[in-house]
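Listed here are the chains, written in short residue letters.
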Amino acid sequence: MRIRIDGTDAEIAYAVNKIRTILPVGSVSPITRRRRRAYTWRVFINTAPKRETRWIA
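Attention in this report is confined to the structure presented alongside it.

1. What to know about the overall build of the protein
Item 1. Of the regular secondary structure elements, the protein holds one helix and four strands.
Item 2. Taken over 57 residues, the protein has a buried fraction of 19%.
Item 3. For the protein, restricting intrachain contacts to residue pairs at least 6 apart in sequence, the fraction spanning at least 24 positions comes to 50%.
Item 4. Only carbon and sulfur atoms are counted for the fraction: they give 53% of the accessible area of the protein, which is about 5,300 Å².

2. Overview of the pairing of strand β1 (residues 2-7)
Item 1. The side-chain alternation of β1 yields one buried face, formed by I3, I5 and G7, and one unburied face, formed by R2, R4 and D6.
Item 2. By the bridge criterion, six bridges tie β1 to strand β4 (residues 41-47) in an arrangement that is antiparallel. Following the sheet pairing, I3 is matched in β4 by I45.

The rules behind these values
- Going along each chain's sequence as written, the residues are numbered from 1 onward.
- Side-chain atom pairs in this predicted model are given and counted only at pLDDT of 80 or more, local residue features only at pLDDT of at least 70, and totals for whole chains, interfaces and linings cover all residues.
- Calculated side-chain values reflect all of the structure's heavy atoms, with hydrogen atoms and water omitted.
- Helix and strand assignments come from DSSP, with helices taken as H or I runs of at least 4 residues and strands as E runs of at least 2, each series counted from the N terminus.
- When accessible area is computed with a 1.4 Å probe and restricted to protein chains, residues below 20% of their type maximum are described as buried, those above 50% as exposed, and intermediate ones as partly exposed.
- Residues are treated as being in contact if the distance between any of their heavy atoms lies within 4.5 Å.
- Throughout, the Shrake-Rupley method with a 1.4 Å probe supplies accessible areas, and for residues the shown protein chains are the sole cover considered.
- Here, any two strands with at least 2 DSSP bridges between them count as paired.

Spelled out as structure tokens, the structure:
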């Protein structure tokens, strides 16, 4: 799943940290500046598939 986050640098940092605690994150794109709005940035987060761990019995 791909998640797009728009906001200030502090909002993006907070959101990325919260998402990492809930979902397994595969990759985070470089932060790009939105041209039409001052102090607004955009980042994309790709979530990885859920990790499956097998118990050895």
